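Here's the letter readout for the chains.
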Amino acid sequence: MSAFRMYLRVVSESLQLQEISARLGCEADEATAIGSRRRPQSPPRKHATWIRHVRAPGESRRPEDLEPVVLAWGPEFAAALGRLADSKDADVSLVLVQEITDPEDPQQKGIFLRAALLAWLARAGASLDIDQYVYLD
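Residues numbered from 1 in each chain as written. Predicted model: local features only at pLDDT ≥ 70, side-chain atom pairs only at ≥ 80, totals over all residues. Heavy atoms only, no water.

Peer 1: Can you walk me through the pattern of salt bridges in this structure?
Peer 2: If charged atoms from side chains of opposite charge come close, those side chains can pair. What the rule picks out here adds up to six salt bridges. A salt bridge links Glu99 to Arg5, with the shortest nitrogen-to-oxygen separation between them at 4.0 Å. With Glu99 in strand S4 (residues 91-100) and Arg5 in strand S1 (residues 4-12), the pair connects residues that are 94 residues apart, well separated along the chain. Here Arg9 and Asp129 are joined by a salt bridge, their closest N and O atoms 3.0 Å apart. Within this pair, whereas Arg9 is found in strand S1, its partner Asp129 is found in strand S5 (residues 126-134), the two being separated by 120 residues in sequence. Judged by relative accessible area, Arg9 falls into the partly exposed class, the value being 22%. (Salt bridge = Lys/Arg side-chain N within 4 Å of Asp/Glu carboxyl O. Helix = DSSP H or I, 4+ residues; strand = E, 2+ residues; numbered from the N terminus. Buried < 20%, exposed > 50% of the residue type's maximum accessible area, 1.4 Å probe, protein only.)

Right under this line is the structure:
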């Protein structure tokens, strides 16, 4: 299992999922709708969450391996995200999750992001959210 995973997240308090998909020109890999509930007793969600997972072929899934997948989504998709973010109808973020289970494993350490990915994020109006978890005995 890889120490890293990545996904694109769009969150909106005013747009339903089908509106987000229409504006972006593609469907989500995972989503929750405004008004949906985590459990029957949970309060209704006040926002929609639209998620597209970054999936790289092969075993190694360091951030450097995931970057080309995001870049392959293309400048048009980044521009559509940017228009959505600029409209203030949604917040866009690229989420990088790092889980460290072996501090001696060099594959679990460090985060390197190239300028091309940062430029893509800027065009998409996206923030970068890095979640780090350390699991040690």
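So much for the structure itself; the text now carries on.
Peer 1: Would you take a moment to explain a nonpolar patch on the surface for this structure?
Peer 2: On the surface, Ile111, Leu118, Leu128 and Ile130 cluster together to form a nonpolar patch covering roughly 290 Å² of accessible area. In this structure, Ile130 sits in strand S5. (Patch = residues over 30% accessible without salt bridge, like charges linked within 9 Å, V, L, I, M, F, W, Y side chains within 5 Å. Areas by Shrake-Rupley, 256 points an atom, 1.4 Å probe, with all protein chains shown as cover.)

Peer 1: Looking at this model, I keep getting lost on the environment of Ala122. Mind explaining?
Peer 2: Structurally, Ala122 is set in helix H4 (residues 115-123). Taking the relative accessible area as the measure of exposure, Ala122 reaches 59% and is therefore exposed. Taking the C-alpha atoms as reference, Ala122 lies 8.5 Å from Ala78; in sequence the two are 44 residues apart.

Peer 1: Whenever I open this one, the packing of helix H1 (residues 17-24) against helix H3 (residues 74-86) confuses me. Can you help?
Peer 2: In a packed pair of helices, the relevant descriptors are the angle between the two axes and the axis-to-axis distance. Two elements in contact, H1 and H3, have axes whose closest approach is 9 Å; the angle formed by their N-to-C orientations is 130°. Between H1 and H3, the angle is such that the two are oblique. In this structure, H1 contributes Ile20, Arg23 and Leu24 to the contact, and H3 contributes Phe77, Ala80, Leu81 and Leu84. Looking at the contact of H1 with H3 residue by residue, the classes come out as six nonpolar, no polar and one charged. (Axes fitted to C-alpha atoms, helices over the stretch in contact; angles between N-to-C directions. Parallel < 35°, antiparallel > 145°, perpendicular 65-115°, else oblique. Contact = heavy atoms within 4.5 Å. Nonpolar A, V, L, I, M, F, W, Y, C, P; charged D, E, K, R; others polar.)

Peer 1: Sorry, what's going on with the nonpolar core here?
Peer 2: Soluble globular proteins tend to bury their nonpolar side chains together. Counting residues in each nonpolar core, the largest one holds 34 residues, and the members touching the most others are Val10, Leu24, Trp50, Phe77, Leu81 and Trp120. Only S1, H1, strand S3 (48-54), helix H2 (63-72), H3, S4 and H4 provide two or more residues apiece to this core. (Core = buried A, V, L, I, M, F, W, Y, C linked by side-chain atoms within 4.5 Å.)

Peer 1: Explanation requested: the sheet that holds S4 in the structure shown.
Peer 2: Each strand in a sheet pairs with its neighbour through backbone hydrogen bonds, running either in the same direction (parallel) or in the opposite one (antiparallel). Pairing is mixed across the open sheet formed by five strands, whose spatial order is S2-S3-S1-S4-S5. What marks the edges here is a single partner per strand, and that holds for strand S2 (30-32) and S5. Sheet twist, expressed as the average angle between the axes of neighbouring strands with direction ignored, equals 20°. Two strands pair when backbone bridges link them, and S4 and S5 are joined in this way by nine bridges, in the parallel orientation. Bridged to Val92 within S5 is Ala126. (Pairing = 2+ DSSP bridges.)

Peer 1: Would you take a moment to explain the pairing of S4 for this structure?
Peer 2: The side chains of a regular strand alternate, first on one face of the sheet and then on the other. Burial analysis of S4 places eight of its ten residues in the buried class, which makes it a mostly covered element. Where S1 meets S4, eight bridges bridge the pair, whose relative direction is antiparallel. Considered in S4, the bridge of Val11 is made with Asp91. Taking the sense of rotation as the criterion, the β-α-β connection linking S4, H4 and S5 turns out right-handed. (Right-handed = clockwise from strand over helix to strand, strands pointing away.)

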